[in-house]
Each structure stands twice: as C-alpha cells, then as structure tokens.
Amino acid sequence: RILKREKPDGLLPTLGGQVGLNIAREVAHRGTLEKLGIRLLGTPLETIEKAEDREKFKKMLQEIGEPVPPSGIVSTIEEALKLTEEIGFPVIVRPAYTLGGTGGGIANNAGELREIARRGLKQSLIQQLLIEKNVAGWKEIEFEVIRDSADNCITVCSMENMDPMGIHTGDSIVVAPTLTLTGREYQMLRASSYKIVRALGIEGGCNVQFALDTSSFNYYVIEVNPRVSRSSALASKATGYPIAKVASKISIGFRLDEIENVLAGNRRASFEPSLDYCAVKLPRWPFDKFATADRKLGIQMKSTGEVMALGRSFQEALLKAVRSLEIDILHLELPELEKLSTGALRTELSSPTDRRLFAIAEALRRGLSVTEINYLTKIDIYFLRQIEKIIFLEEELKTRGWQGLNKELLFSAKYYGFGDHAIGKLIGLKEKEVRSLREKHTIKPVYKMVDACAAEFPAENPCFYSTYDQENEAEPSSNKMRAAVLGAGPIRIGQGIEFDYCSVHAAWALKEEGIESIIINNNPETVSTDFDTSDRLYFEPLTLEDVLNIMELEQPLGVVVQFGGQTAINLAGPLVRAGFDIIGTKIENIDAAENRRHFDDLLEKLNIPRPPGGTAFTVEHAEKIAQEIGYPVLVRPSYVLGGRAMEIVYNIKDLREYMATAVKVSPNHPVLVDKYIKGIELEADAVADGSECLIPGIMEHIEKAGVHSGDSIAVYPPAHISPGLQEKFIDYTTKLALALNIKGSINIQYVYHENILYVLEVNPRSSRTVPFLSKVTGIPMINLATKVSLGKTLQNLGYRGGLAASQPFVSIKAPAFSFAKLFKLETSLGPEMKSTGEVMGINRHLPRALYKALVASGFDLPANGNVLVTIADKDKKEALPLIQTFFKMNFNILATMGTALFLEESGIKVKRVNKIREGSPHVVDIIQSGAIDLVINTLTKGKMPETDGFRIRRAAVEHNIPCFTSLDTALAAGKILEELILGEDPGVFSLQEYLDSGKER
C-alpha cells in the first residue's frame, strides 16, 4: 500500500536486516515492483534468493568450486530423518529466511532432530531446512566485504570468533582484525569471499562466514548475508569505515573510487582499512534476569545486545569489554564459578554457556593447562595464552600486594587493561587509593583515534579509545564550551535502544545551542557511537574510572546523565563528588526520587497517595511490613531498572522464598515491600523547567498493574480516563516535577483503583516511552529537556505547562519478546520485565491500531480455527465473555477438564483435551501437532517447568503459536477480532472480508 501511495523510483532492501530482505522478496514475487515500475536497488533479487535459499546457495557454491559441508535441503521431518541417515549425526539444522538462527539447532539423535525440525519448519518463511554436517570446533572467520557494480571489491574487516563453530556468531566473542590466521589462511579465505561475492553479484555490503580447520587448510563456506548485518555494524565501528553509507551510494550507481571516506582523511572508499589496535566484541545475555532459562549456547542466538572495546592489545580490549558489560563484574572473575568443583568447571568449559570466558580464567587459576582447556573448549591456543598472561599478572599483583607494588608493575596492569577496581581488589586497596597511586606515578591513559589507516595518513575521525601506550591524540578544544553525554551501554532487557535515542537527540540539541557534545558509550549497534553523531565520541566502558579519566581530559562544563538510563543515573553521585557538575536535575533531587524514605516524605508533604508499604533491611522486617499492609505484596530491590527481581507474593511462605533466593537483603541493599493494587496503570513522560511542567500525553496500559510497564501494551491517548481523573493526573504530575525541581525529563507511573490515583514510581530521567510519546505527539521531548537543562524555560522554547492537546488518532506501543530463543524460560508476564523490544501501531480507531501493533510484534492473530483455553480458577468468571466471543465467531474451543466443565455449564460447546498426566494425546501433543491456532493460558500456582501451564506456554512459543498469558491482553485481542471480523464497528475494516477477498493478511 505504501509503495502504491509513494511510487518511489527504487527500493533498497539490504539495510533492514532479514526483515528487509524478506519483505523485498515478497513484494517482488507478487509483481508489485514490476507493476509500479520500482527498481530493486543494490543487490538484485536473484542474488538475495541465491544467498538466502539454502538449496540455491549450495548449488551456486558448488558451481564455482567453493567447499560446502555435506548437506541437503528438506521440507518435512521424514525427509530430515532420511537425509541424516546419509550424513550421520550430529547435524546442524538451519531454517531458511530466519534471523538469529531462529528455529535452528544441533541434533545429536533422531529424537532431537524431530523436535528441532518441527520447530524450524514452523519458523521458516518457505518451510525449508538445511541439514548439514556439524563442524563444531572448527574456527569461525568472517569477512565483511563491499563490492560495487564495476566489480571492485574491498575487505572492510576480517573478524575472528574466539568461540569455535557451533555457537551463533551473535553469541560469540568476536575479535577484529583476525589474530591467529597464517598469511596463507588469510589470503585463501579473502580470495574465497571475493569469488563468492562476485559470483552472487552483490552490490553493496556483504558478510561471508567460514569454518576453518587450522590443522589442514580445509575450510567450508557456512553462510553469506547479502546485506549489511550485525557484523557490519561491528565492522564499521571497529574500523571507522562507514559501511551503510557506502553501500547506500553503491546501490544508486556510485563506484567505490567515486565515494569519499571522510574518516580516512578524505581518501576514497576504495581504500581498505588498516588497524593498529584490537577490537573485541562481547555479547550481553539476559540470564541475569532469566535465571531459569537454558544458558547453553548453540546456533540459535540468545544475547540481547553487545559491547565493543578497543585496545592496543587483545588483553586490554578484552578486559575493557568485560567492564562494559554492566553485569556487576569488573574483571575475569565470577564468584559462582569459584564454588564449583574442578570436575564441574571442566563441564562448564566443554558445554558452552555465557560464563565460559570466566570459566577459562578460573580454570587457569586452578592450574589447568592451556592444552587441556584448548581440548575442552576448542578455543585457539593463542587466545588462551593471552588470558593466561592476565592470570599470571593477577598472581604477581596478589603476591606483591600494595607494599610491593612499583611503577612498572602498576603500568603493566593498566597496559593489560586492568581496572583500578580489579587492581585494588588484588592488592588490598580501595579503587580511589589505586587512582592516587597512579597519579603519584603519573600513569594516565592516553587517547588514540579510530582512523582506519593505522595512523599512516592524517585522519579526521572524532572517535577515540583509551590506552596506556604512546602519546595522546585527543586534545580538548581550547575555547568552545562542551558537555559530556553519558550513553546507556549495552542493550539489555529494561534498558534498550530507547535510551540511545535520547542520548543522540541530546547531542543534537547541544549542538543547536552552540555547545560541543562529547558522547561516552560502548555499544557498537547504536547511533550514539556513529562517528558523526557528536563532536567527539569516546568508545569506553561506562564505569566511574573510565568516565572520570575522560572528564579530567575534557573538563566539560557539565555531564548530562538523564538520558542514559539507570547506567548514567548511577554515575551521577560519584561524578558530583569528584567535582563535576550535573547538567539538569541536581543530585539531591535525583536522590529524593530514588530514595524510598525521602520520596515517602515528599508524597506525604504533597498529600499524594501511594500504595502502603516500606523499606525492609532484614527478612524479619519484610515479613512485618507485609503482615501490616496485607497480602498480596509487591517486592523488589531498590535502585534497579526493568523490574529486576520484582515479584508479587501472596503469602509468607512465598515471601520467605523470595528473600532467600531472589535478593540479598542488607542495610546497604534494602528491599521495597508495597501493597499490590490491581488497578488501571497510567503513565506520563514530562518535561519541567523548575516552574512549569509540560505533559505531552498520558498513556494507559491495557494490562492491569502487576505486569511491568515495559511488557504492557500502552495506549495513547488513554481510552478510559474521566475529566476529573485527568485533572488529578495533571495536578499530581506537575506538583511532583516542581517539588523535585526537575530540570529536564521525568517519568511517573500511577495506578488507579477504586477512585484513588496512587503514585507507583517516579524516575527523574528519560524513560523507555520517551521515543514513543515524542513520535506520536510531535513534541521533541529530548530537545526541550536538554535545552531546559541548560537554563532555558519552556516558554522560551514556545511551549506552556500542562497537558498538550491530544492527536486525532490512536497510537499503540506493544512489546516484542524473544521467548522462542530462550528455552526453559517462563513466558507468563509479571512485574519483572521480559520484552526485548517494541513496536508501534497507529490508526484513527483503537481496534485497528492495536491489531497493527500486535501483527508488527509477531503476534499472528487468527481469524478462525482452534483456540486452546486453560484458565486459572481465579480468572474463569472474568474470562467467560472472551470465550463466548470466540465461540460466537465460530472458533472451535478446546479446553482441559476444569476449564471445559466451567465453559459447558455456561453453554459453550467445548472439546475436552487431556492434561499431561492424563496421557497422550495430551494438551502439549496437540499444540506440537499444529492443530492449535491460539492459546489462552492464565497462570495458576507456580512457574516451575514441571507444571502443565509452563509446558503449554513453552510449546506454544516454540511452535510459533500466539499465546496470551494476561487476561487483559486476551480481552483486548478478543475485542479486536469481534470488531474486525463481525464488523460491529463500521469505521473499521472487516478482517474476514479482507481474507475472503483472496489477499493475505
């Protein structure tokens, strides 16, 4: 529809990942491009299909004499079993046209193959699987190549996975440039990648992945991404070569020698980057939030984000990357591994998980040889020797202690990338004492430029990294005012790309005010780490030590902390104590919002209600608070983001279990215990200047309080808010913003229950909903918040306080989840955030806007078919109208015994299905057979893997079947289908008519 409306001259499909390629392929096959005269730019459709269709790809490689693993293409489970008899177990299963290895896996026997193939066929766009010989243990190498229409090719970057084949490259530690290849191996793979890219006819960026047997010079071509990819972003940031920009220009006809690369001193883009430093990428996994999920790594990607660090050596880059992860670990040490027996540690090494890097360090500390660790991990001995050097240096620091520490040893530790915190821990000093020692010995970091030409030519890249070698290349401007903006670090659940949006817009706003912006961040996937976003970029860990080093060099007028999520807020206090100013809301006001006691006092003074509760410093204290306010209670640690370790508990037994397993309560780490109020949740982001507060809009959550706001579907403008409630909302928000003397952004969450509006939470910073609200209201919130932070007023900027006028449409923000990739993870929604992203749907009518958002998030609402219903007793009465709606729409209703009896008594025709204990074919068998189109399952007691509910939810997710675990969401979806299918709202299109017309949904 958009192509018909816009009639563009060209369509560029290779910059939107797998989604972009899949959509381009579909519109091309429908004849839309030909009919409208739209040219597919850059890489041709035939090339995309050759690279993405497993059978065509294999045939093409065989034609040009490039080696591929023994493999075959199948479209059924039976074909997969038959083919594997020829290849032999173990085999790798790779679905066609999927992203991040979705649906794939390694099968060691027929049972595993059946399950992976069933799942993979459901996930593949064309129901096609590649079954290939497993070369796990071989070295994985990637080449990032660019080719133009005149057949010029360059290698932007060679990258080496420290982890061997068998682990998805998105879950691997990646090093650039390659460090362990011989000259012959490098040239052999480089020549192969050029041969493949030319045979395919790629025009733009391309990523080629190889498996290399270093003992024989044998290699296999594993995969080609005929587009820019996750690796392209990494290669761009590691080299300073603007891959996406160059690929875009190639797509409209430019040659490499016609495109300018300003980073490399205005040299041509045909100039191949050369590195005199090492880049290390570490994945960021969500297992700190998902303790029950399967941590084992394989060919299906599980990480949610990544960090990159640069250094003059592998050790320096590796240890800086570890500091950047924000997992409360600042060195190669993981306390939980120290408790393992050596036998269990060997298992940790041979069965890869997210902890393997730390397990290697622990094994070396215990005296396991590099040869044995190489045998268990298949990681190249070179990398193991470099980590061994880190452990040797650790031992020397421990042996010498602070009394024996001299300048040479301290410099060696810093040169290897040791942080002051790690050195202090090893020698028995505090971090600030190590800093003092460094100052005494004049050991300071210098900053080198990412120049793409190994300093061979003059360059103009404003991107720098720290090291303890050679002279300083980063010199602060002498006369311009400058401000530092702290980024948000790696993308993880609770702190995603939305905070990078805020950081970027803050940098642009500073520029508009004539102030140079300095961004500090370490995420290679984000816009904030693009070379042209800010005046100066430091690719560094967001720890106090690393940030202070930059502050001392740059001496900015202040630091912006309100746009980098909890990461930046946590650094605010230490930076102020070190003598640097915070731009915007002052530290004492941030503390008044974050500190429970201070915040309670403020609410009492303003006469604003909040759910009763208190701060517990011991288990007994928590029990006492819960007894006084009554169960259920909401419990959570203080100073966290994304609802980490937040739970609703219904009795003292559950409370004791929570306090024993989920948190470590202490005077320094108290736990908040609040009365759980199940009402309508409302939320606002606002901008305040100290005297006025602008509220761009109010959001209402479809799910009642108790589901984390990041996992809730938000509606703007709110659908169920009276004028009186709106007035109270504006009053409370304004009072809080002014009482806290907010200068910039603030986010406030409320719950409305029995005519009382309670404050749940106040965040004295930007939040994850800021980009959503900015886009749907047209109010540039971050631009305003930045300028207000610098001293301007809202009126100066053309705005007034109060609630802005609503837009004439409905906007929906819906979460997207990665449950299919995280095995054994409970999928039901609650106070702890689980979503890994979000989408938006806009329409003039709420049902259609919600429908668009659900479809965009991957939730394929069926128009007919079989609905499996298993409802908890507490929800049955509320769920009845929903089930009646599905019955009225001619869906077939299936239910387990308890739910079936209840529905039959209510006059609904139901087909009963067995619970698991009642024998096959039971409820999970039916889901796996493909007979179910939609699952509605609300949580009963417990979330343990052995319960029926848990297994139902997992089976639905792993077989790509929509599954509602929140009754509120299911009710909203039922309303959508009722209005769209039965056409009760004449202003909304009928989904059934749309389907009957022969078009796809």
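The notes below deal with the structure included here. (Residues numbered from 1 in each chain as written. Predicted model: local features only at pLDDT ≥ 70, side-chain atom pairs only at ≥ 80, totals over all residues. Heavy atoms only, no water.)

Thoughts on the overall build of the protein chain
A tally of regular secondary structure across the protein chain gives 36 helices and 38 strands. Taken against the 2.2 N^0.38 rule, which gives 30 Å for 1001 residues, the C-alpha radius of gyration of the protein chain at 29 Å falls within 12% of a compact globule. For the protein chain, the C-alpha atoms occupy an extent of roughly 75 × 70 × 60 Å along the three principal directions. Of all intrachain contacts in the protein chain linking residues separated by at least 6 positions in sequence, the fraction that spans at least 24 positions is 68%. In the form shown here, the protein chain has an accessible surface area of approximately 38,900 Å², with 50% of it arising from carbon and sulfur atoms. Charged side chains in the protein chain number 117 positive and 128 negative. The centres of these two groups are separated by 1 Å. (Helix = DSSP H or I, 4+ residues; strand = E, 2+ residues; numbered from the N terminus. Rg over C-alpha atoms; globule rule 2.2 N^0.38 Å. Contact = heavy atoms within 4.5 Å. Areas by Shrake-Rupley, 256 points an atom, 1.4 Å probe, with all protein chains shown as cover. Lys, Arg positive; Asp, Glu negative; His and termini not counted. Charge placed at Lys NZ, Arg CZ, Asp CG, Glu CD.)

Observations regarding the sheet that holds strand S23 (residues 633–637)
Within a sheet, adjacent strands bond to each other through the backbone by hydrogen bonds, running parallel or antiparallel. Taken together, four strands build an open sheet; the order of strands is S22-S25-S23-S24 and the sheet is antiparallel. Where the open sheet ends on each side, the last strands, each with one partner, are strand S22 (613–616) and strand S24 (647–649). The average undirected angle you get between the axes of adjacent strands in this sheet is 25°. Pairing analysis gives five bridges linking S23 to strand S25 (residues 671–675), with the strands arranged antiparallel. Each bridged residue has a counterpart across the sheet, and for valine 635 the counterpart in S25 is valine 673. (Pairing = 2+ DSSP bridges. Axes fitted to C-alpha atoms, helices over the stretch in contact; angles between N-to-C directions.)

Quick notes on the pairing of strand S32 (residues 810–816)
Taking burial as the measure, the seven residues of S32 include seven buried ones, the bulk of the element. The alternating pattern of S32 places Val810, Ile812, Ala814 and Ala816 and Ser811, Lys813 and Pro815 on opposite faces, both of which are buried. Bridging between strand S28 (residues 714–716) and S32 involves three bridges; their strand directions are antiparallel. Paired with alanine 714 across the two strands is lysine 813, which belongs to S32. With seven bridges connecting them, S32 and strand S33 (residues 837–843) associate as antiparallel partners. Within S33, the residue paired with isoleucine 812 across the bridge is glycine 841. (Buried < 20%, exposed > 50% of the residue type's maximum accessible area, 1.4 Å probe, protein only.)

Section: the environment of isoleucine 329
Of note, isoleucine 329 is situated in the loop between helix H11 (314–324) and helix H12 (335–338). For isoleucine 329, a relative accessible area of 11% gives the class buried. Through-space distance from the C-alpha of isoleucine 329 to that of alanine 422 is 9.5 Å; in sequence the pair is 93 residues apart.

Here's the deal with the pattern of salt bridges
Under the definition given, this model contains 58 salt bridges. Linking glutamate 623 and arginine 656 is a salt bridge whose minimum nitrogen-to-oxygen distance equals 2.9 Å. Separated by 33 residues along the polypeptide, glutamate 623 in helix H25 (residues 619–629) and arginine 656 in helix H26 (residues 652–661) bring together distant segments of the chain. (Salt bridge = Lys/Arg side-chain N within 4 Å of Asp/Glu carboxyl O.)

Brief notes about the packing of aromatic side chains
Applying the stated criterion across every chain, the model contains 13 aromatic pairs. Ring plane angle 50° and centroid distance 5.3 Å describe the contact between tyrosine 277 and tyrosine 465, whose orientation is recorded as tilted. Pair noted here: tyrosine 277 is in the loop between strand S13 (267–268) and strand S14 (278–284) and tyrosine 465 is in strand S17 (residues 463–467), with a separation of 188 residues, a long-range link. For the pair shown, tyrosine 277 and tyrosine 465 are each scored as buried. Grouped by ring-pair contacts, the aromatic residues Phe143, Tyr186, Phe210 and Tyr219 constitute a single cluster. Geometry around phenylalanine 217 places arginine 184 over its ring, the cationic atom sitting 3.7 Å from the centre. Above the ring of tyrosine 375, the side-chain terminus of lysine 378 is found at 5.0 Å from the ring centroid. (Phe/Tyr/Trp six-rings, centres within 6.5 Å; stacked < 30°, edge-to-face > 60°. Lys NZ or Arg CZ within 6 Å of the ring centre and 35° of its normal.)

Points about the packing of helix H20 (residues 497–512) against helix H28 (residues 770–777)
Between H20 and H28, the shortest axis-to-axis distance is 8 Å and the interhelical angle comes to 65°. Across the interface between the two elements, Glu498, Tyr501 and Cys502 from H20 touch Val770, Pro771, Ser774 and Lys775 from H28. Residues that form the contact of H20 with H28 fall into these classes: four nonpolar, one polar and two charged. (Nonpolar A, V, L, I, M, F, W, Y, C, P; charged D, E, K, R; others polar.)

Focus: the environment of lysine 302
By the element assignment, lysine 302 lies in the loop between S14 and strand S15 (305–311). Taking the C-alpha atoms as reference points, lysine 302 and glutamate 79, separated by 223 residues in sequence, lie 28 Å from one another. Here lysine 296 takes part through its backbone oxygen, which lies 2.6 Å from a polar atom of the side chain of lysine 302. (Polar contact = N/O pair within 3.5 Å; in protein donor to acceptor, adjacent residues only side chain to side chain.)

Observations concerning the sheet that holds strand S21 (residues 558–560)
The strand order across the open sheet formed by six strands is S16-S17-S20-S19-S18-S21, and the pairing between neighbours is mixed. The sheet terminates laterally at strand S16 (446–449) and S21, the two strands that pair on one side only. Ignoring which end each strand starts from, the neighbouring axes of this sheet average 30° apart. As defined by bridge partners, strand S19 (residues 516–521) adjoins strand S20 (residues 536–539) across four bridges and the pair is classed as parallel. In the sheet register, asparagine 521 faces S20, and the bridge partner there is phenylalanine 539.

Structural notes on the pairing of strand S35 (residues 892–895)
Two faces belong to every sheet, and in a regular strand the side chains alternate between them. Pairing analysis gives four bridges linking strand S34 (residues 866–870) to S35, with the strands arranged parallel. Bridged to leucine 868 within S35 is leucine 894. Chirality of the crossover, the property in question, places the unit of S34, helix H31 (residues 876–888) and S35 among those that are right-handed. For S35 and strand S36 (residues 911–912), the ladder comprises two bridges, and the chain directions are parallel. Considered in S36, the bridge of alanine 895 is made with arginine 912. After leaving S35, the chain enters helix H32 (residues 897–905) and then returns to the sheet as S36, a path that is right-handed. (Right-handed = clockwise from strand over helix to strand, strands pointing away.)

Thoughts on the nonpolar core
Core analysis: the largest hydrophobic core is formed by 57 residues, its most contacted members being Ile146, Tyr241, Val246, Leu256 and Leu310. Those residues in contact with leucine 310 that lie beyond four places of it in its chain are Tyr277, Cys278, Ala279, Ala317, Lys320, Val450, Tyr465, Ser466 and Phe539. Membership of the second largest hydrophobic core comes to 53 residues, among which are Ala359, Ala363, Leu368 and Phe383. (Core = buried A, V, L, I, M, F, W, Y, C linked by side-chain atoms within 4.5 Å.)

Here's the deal with unusual backbone geometry
Backbone torsion omega between phenylalanine 89 and proline 90 reads -5°, so that peptide bond is classified as cis. Tracing the backbone shows proline 90 in the loop between helix H6 (77–87) and strand S4 (91–95). At the junction of alanine 176 and proline 177, the peptide bond is cis and its omega measures out at -5° in the coordinates. Mapped onto the secondary structure, proline 177 falls in the loop between strand S9 (174–176) and helix H8 (183–200). Backbone geometry at phenylalanine 217 places phi at a positive 65°, although glycine is not the residue there. Looking at the element boundaries, phenylalanine 217 is found in the loop between strand S10 (204–213) and strand S11 (218–225). A positive phi angle is found at asparagine 960, which is not glycine, with a value near 60°.

What to know about the packing of helix H18 (residues 420–427) against helix H19 (residues 431–440)
Their axes nearest at 8 Å, the elements H18 and H19 cross at an angle of 105°. Between H18 and H19, the interaxial angle falls into the category roughly perpendicular. Across from Asp420, His421, Ile423 and Gly424 in H18, the residues of H19 making contact are Glu431, Val434, Arg435 and Arg438. Its residues assigned to classes, the contact of H18 with H19 comprises two nonpolar, two polar and four charged. (Parallel < 35°, antiparallel > 145°, perpendicular 65-115°, else oblique.)

Quick word on the state of the cysteines
As enumerated under the stated definition, the model contains zero disulfides in all. Cysteine cysteine 206 shares no disulfide, and the gap to the nearest cysteine sulfur, in cysteine 153, comes to 9.2 Å. Just so you know, cysteine 278 is unpaired, no disulfide at all, and the nearest cysteine sulfur is the one on cysteine 157, 10 Å from it. Overall, the relative accessible area of 5% leaves cysteine 278 in the buried class. (Disulfide = S-S within 2.5 Å.)

Examining the environment of lysine 743
Here lysine 743 lies in strand S29 (residues 743–753). As a C-alpha pair, lysine 743 and histidine 959 span 216 residues in sequence and 48 Å in three-dimensional space. What lysine 743 contacts, discounting residues up to four positions off in sequence, is Gln562, Gly584, Thr585, Ala688, Asp689, Gly690, Val788 and Ser789.

Examining helix H13 (residues 342–350)
Taken residue by residue, H13 has Leu345, Glu348 and Leu349 as its buried positions. Relative to the axis of H13, the buried residues are bounded by an arc of 100° and lie together on one face. Buried residues in H13 make contact with H12, helix H14 (356–365) and helix H15 (370–377). (Arc of directions from axis to C-beta.)

So, H8
The end-to-end C-alpha distance of H8 is 26 Å, a good match for the 26 Å that 18 residues give at a rise of 1.5 Å each. Taken together, the buried residues of H8 touch helix H4 (45–52), helix H5 (54–63), strand S7 (139–147), strand S8 (153–161), S10 and S11. (Expected span 1.5 Å × (residues − 1).)

Keep in mind these values describe shape, not function.
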